[in-house]
Amino acid sequence: MQERYDPAAVERAAQEHWERTSAFRAAEDPGRPKYYCLSMFPYPSGKLHMGHVRNYTIGDVLARHHRMRGFNVLQPMGWDAFGLPAENAAMAHGVPPAKWTWDNIAYMKRQLKSLGFAIDWSRELATCSPEYYRWNQWLFLRMLEKGIAYKKTGAVNWDPVDKTVLANEQVIDGRGWRTGAPVEKREIPMYYLAITRYAEELLAELDHLPGWPERVRTMQANWIGKSHGVRFAFPFELDGRQEKLWVFTTRADTIMGVTFCAVAAEHPLATRAARDDPRLAAFIEECKHGSVMEADLATMEKKGMPTGILVRHPLTGERIEVWVGNYVLMGYGEGAVMAVPAHDERDFHFAKKYGLPIRQVIDLPGKSFSLDAWQEWYADKQSGRCVHSGRYDGLGIEEAMEAIAADLEAKGLGGRQVTWRLRDWGISRQRYWGCPIPLIHCETCGTVPVPDAELPVVLPEDCVPDGSGNPLARRRDFVECRCPKCKAPARRETDTMDTFVDSSWYYSRYACADNAGRMVDERVNYWLPVDQYIGGIEHAILHLLYSRFWTKVMRDLGLVGFGEPFSRLLTQGMVLNEVFFRKPASGRIAYYNPAEVEIRRDEKGNRIQAVLKADGAPVDSGGVTTMSKSKNNGVDPQALIERCGADTARFFMMFASPPEQTLEWSDAGVEGAYRFLKRVWAFAWTMRETVASAPGSVPLPLPDAATATRRTIHFNLKQANYDFGKFQFNTVASAAMKMLNALEAAPRSGAAEAAVVREGLSILLRLLSPITPHLCHALWSELALGGELLDAPWPEPAAEALARERIELVLQINGKMRGSVQVAASASREDIERAALAAEAACRILAGRTPKKVVVVPGRLVNIVP
RNA sequence: GCCGGGAUGGCGGAAUUGGUAGACGCAGCGGACUCAAAAUCCGCCGGUGGCGACACCAUGAGGGUUCGACUCCCUCUCCCGGCACCA
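Quick notes on the rules
- Every chain is numbered on its own, with residues counted from 1 as its sequence reads.
- Note on labels: chains are lettered from A, ligands numbered from 1, in written order.
- Restriction of local features to residues with pLDDT of at least 70 applies here, the model being predicted, together with a cutoff of 80 or more for giving and counting side-chain atom pairs; totals for whole chains, interfaces and linings are based on all residues.
- Hydrogens are left out, water is left out, and the side-chain values use all remaining heavy atoms of the structure.
- Salt bridges are identified by distance alone: a Lys or Arg side-chain nitrogen within 4 Å of an Asp or Glu carboxyl oxygen.
- Neighbouring residues are identified by heavy atoms, a residue being near a molecule or strand if any of them is within 4 Å of it.
- Side-chain atoms alone can form a polar contact between residues adjacent in sequence; in general such a contact is a pair of N or O atoms within 3.5 Å, and within protein one must be able to donate a hydrogen while the other accepts it.
- Put simply, DSSP H or I for four residues or longer makes a helix, DSSP E for two residues or longer makes a strand, and each gets a number counted from the N terminus.
- Residues are grouped as follows: Ala, Val, Leu, Ile, Met, Phe, Trp, Tyr, Cys and Pro are nonpolar; Asp, Glu, Lys and Arg are charged; every other residue, Gly included, is polar.
- Lines fitted to C-alpha atoms define the axes, with helix axes restricted to the stretch in contact, and inter-axis angles between N-to-C directions lie between 0 and 180 degrees.
- Our angle categories are set so that under 35 degrees counts as roughly parallel, over 145 as roughly antiparallel, 65 to 115 as roughly perpendicular, and the remainder as oblique.
- Residue contacts follow a heavy-atom distance rule, with two residues in contact if any of their heavy atoms lie within 4.5 Å.
- Following DSSP output, two strands are said to pair if at least two bridges run between them.
- Within 6.5 Å between ring centres, the rings of Phe, Tyr and Trp (the latter by its six-membered ring) count as paired, and their orientation is classed by plane angle as stacked under 30 degrees, edge-to-face over 60, tilted in between.
- By the criterion adopted, a ring carries a charge over it if an Arg CZ or a Lys NZ lies within 6 Å of its centre and within 35 degrees of its normal.
- Helix crossings fall into two classes, left-handed where the near helix is turned counterclockwise from the far one by less than a right angle and right-handed where it is turned clockwise.

1. What to know about the pattern of salt bridges
Consideration 1: Following the criterion strictly, the structure yields 50 salt bridges and no others.
Consideration 2: With its nearest N and O atoms 2.7 Å apart, the salt bridge here joins Arg523 to Asp514.

Structure follows, in structure tokens:
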């Protein structure tokens, strides 16, 4: 054994040992409970970032912990390898996305290996390999057969200069990121997956996922957005025909307050009206500017223009004017809305802006309605009553909705309906670096699926995108093909799939990644569902919802025997860092990495200013945000690993904050982690002979000092085991530190004392081993504490070590801490009360008065209320 | 704008879920060792007042419930995540 802690040597040796013994190779074993521990696979962006280190360390801690608790653990890893950054890299450096991606994978795999994660690498997969994505294509064709996949138009961001579709992140302030041209909305044909068919189940099953964080379930439920309302029509006559304008509302009780209707710019009624009205046509054109992002639509100025078309109110027959509104979405609901300015905030402001009538139809006792300003209660859905509503006057919200829905139904103009906020999943991307959609367009046969036998449709790997559309469309060897039906020359579809398709089922493929003949085989039902899924909170909705949907489709196709893919979910917070920048009067804003910036403080440690180390001049702070390339606020874990080792990086990541919380980076704390590991090593070195000669079990009874040491060890172990259950690894790390503090201070001369130290070290190393496996592996074997640490039994606190005869209770007087009282552990309520009233502080403060009340909390405190 | 979450010393965070606020660590200060420095070790470390015992203030801000509130309720401020083509 070496005296000095040398992380590089320790880690190399441990990793070689695990490699040699195939320690993390997982196999099905019906005799043991299985534990499938999965961290979200990374996008191979180039190198690991701190978020990855955090994510995979959390997963590894859980995997190793469960292994020691006797579970058959599977922890696989792969690559979410398709996506936009590869195309951006291609544009910047002229490298084909395939080469860039595979190079990144090779580098990041080395980095992951150096962190010593207990991963079964034999199951590795990359979504950009044809062996993987052929099953995307295969399942897409099954969905097409079942009508779950279908074609319709959808809106995209269009850059009119580059003549290309832009991703939302490529639209900056409504302009294309490369051209600066104002972005337009375009309707293009796309393929959709009917996730809305599963809306009811996706919502209902959320209640049966107790292992999911409440906040994620709430977010998903709100996203799915089930609402009960009424779909009804405003009849009208146009061009000599009887027509109906359909709308949906959740506030049918306010229907008597409708003063106008609004339709989307793409609505047929708008198109018809614009035919005779050039100003309206121009307005509709204007509505097409801007991005398709909901956040933009929600915050933009609400604008509108009348169409001149009048429709009839379905209940009163009153004439209602139809407007075109830029805030009405064609793809959502009917593309038309009724407007009740008195009871909808958006309609209220719109009506005020354009001088449209506002008619109050709901009243709340004690409130007075005024046209001057919007008040929150106008939209109240609880306790209002109908007014100015004819025969509905006096009805409550629910009664009014019931009556109105019935009347609409009687007239054949509508009725109750359930709607969903959730929209079908558009999977077409006009991009190169993705999974090809396996379809062929034939002039005579139409759109024809590629036959299963011809799968996969392989993506050529040598294209280099240049920002002007999809290079696949220019590849004649890809596009030109024959129609599978009539054998005539035909064109291959060049759109690729959304990368969320790739990540919607990779976790199932890990169970049987070696099966070239089937998407999944029977092993999937051994390993899945995933027992513990770990990933960033930013995936709380989309990725997790799509995966749940995809799983249900696979279940309905008989491919898997489960409907929910992830039994338990841990959503880690993001890793943030401060952003520093300078904005010159002219020219581009410059970002400086926090490593280049020095924080100046006063003698109390309060921050005065931030300066650039290079020139000593101040820089501005842009707050803290997620680490990103564009803001240059990332911290490279590689440097940390090289300087202090993987165990220090892992320990610090776990110690810095609980997993679910956002983590603000600070490199100051790293030193403390490194120092602690060095102390563990040094202590083990000092104790190597003591441990070797110590008895294998602790002789009882122990001398007092040794009893106290042992109690500290077991008490902290109990606390740590409780914290493990809460995924609170920062306090597990604290408990380990407290154990070491106790052991260093412990007596070690006699045989009993040596046995306590030996037991303490054995507990400490096992407790710490999921977090710092290399260090613990080395010390466990050096001290010969028994077999392979990986499979050592997880320690449990001993009842006799925790027991104590006397305990200390907090003494409060009127809720304020005023000292403590010592009582026997078995003391009764009366004993405690007597002891408390006899305490010096109690006598002094009470000064002879009789207390009103004495509150005793067993094992904790006693509160005297004077 | 809408949905979800967060705020505790100079800093990261703890508080057994309504019961000692600040565990553990970082930074800082003082000391030991050293020719010196680094490393290491020991001590102090929320604020105000007091020689001191101690008292008062303090968990983003304001109110409330309770013997007792970081924890529960109401109002507000700021920050973070998501908003369907970033992953």
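After presenting the structure, the write-up continues.
2. Re the protein's contact with RNA strand B
Consideration 1: Near RNA strand B lie 75 residues; those nearest to it are Asn168, Arg429, Arg431, Ala656 and Asn863.
Consideration 2: At 2.7 Å from a phosphate oxygen of RNA strand B is found a side-chain nitrogen or oxygen belonging to Arg675.
Consideration 3: Between a phosphate oxygen of RNA strand B and a side-chain N or O atom of Asn741, the distance comes to 3.3 Å.
Consideration 4: Looking at the surface near RNA strand B element by element, the count peaks at six residues for helix α23 (residues 729-745).
Consideration 5: Residue classes in the surface near RNA strand B are distributed as 29 nonpolar, 27 polar and 19 charged.

3. Here we look at the packing of helix α20 (residues 668-686) against helix α25 (residues 773-782)
Consideration 1: The interhelical angle for the contact between α20 and α25, taken along N-to-C directions, is 5°, at an axis separation of 11 Å. In terms of orientation, α20 and α25 fall into the roughly parallel class. Listed contacts from α25 to Leu677, Val680, Trp681 and Ala684 of α20 are Leu775, Ala778 and Leu779.
Consideration 2: Taken together, the residues of the contact of α20 with α25 sort by class into seven nonpolar, no polar and no charged.

4. Some remarks on the sheet that holds strand β15 (residues 336-339)
Consideration 1: Pairing within the open sheet is mixed, and its four strands lie in the order β13-β14-β12-β15. In the strand order of this sheet, the two ends are held by β13 (304-312) and β15, each with one partner. Here the average twist between neighbouring strands, direction ignored, is 30°.
Consideration 2: Sheet analysis places strand β12 (residues 260-263) next to strand β14 (residues 319-325), joined by four bridges and oriented parallel. In the sheet register, Cys261 faces β14, and the bridge partner there is Val322.

5. Comments concerning the sheet that holds strand β10 (residues 226-238)
Consideration 1: Here we have three strands laid out as an open sheet, ordered β11-β10-β18, and antiparallel in their pairing. Of all strands in the sheet, those with a lone pairing partner are β11 (241-249) and β18 (414-420), marking the two edges. The mean inter-strand angle of the sheet, taken between neighbouring strand axes irrespective of direction, is 35°.
Consideration 2: Bridge count between β10 and β18: seven bridges; the pairing is antiparallel. Bridge pairing in β18 places Arg231 opposite Gly415.
Consideration 3: Across the face of the sheet, helix α12 (residues 397-410) comes into contact with β10 and β18 while running at roughly 120° to β18.

6. Some thoughts on the packing of aromatic side chains
Consideration 1: Within this structure, the stated rule accounts for 41 aromatic pairs.
Consideration 2: When the ring of Phe82 is compared with that of Trp433, the centres are 4.9 Å apart and the planes differ by 80°; the resulting orientation is edge-to-face. With Phe82 in the loop between β3 (78-79) and α3 (84-93) and Trp433 in the loop between β20 (428-429) and β21 (439-442), this pair connects stretches of sequence that are 351 residues apart.
Consideration 3: Sitting over the face of the ring of Phe478, Arg492 holds its NZ or CZ atom 5.8 Å from the ring centroid.
Consideration 4: A cation sits over an aromatic face here: Arg688 above Trp685, 3.6 Å from the ring centre.

7. Comments concerning the packing of helix α22 (residues 704-725) against helix α24 (residues 751-768)
Consideration 1: With their axes 10 Å apart at the nearest point, α22 and α24 run at an angle of 15° to one another. Judged by the inter-axis angle, α22 sits roughly parallel to α24. Crossing angle aside, the handedness with which α22 passes α24 is left-handed. Each of Ala706, Thr709, Arg710, Ile713, His714, Leu717, Ala720 and Phe724 in α22 lies in contact with α24, whose residues at this interface are Glu753, Val756, Glu759, Gly760, Ile763 and Leu767.

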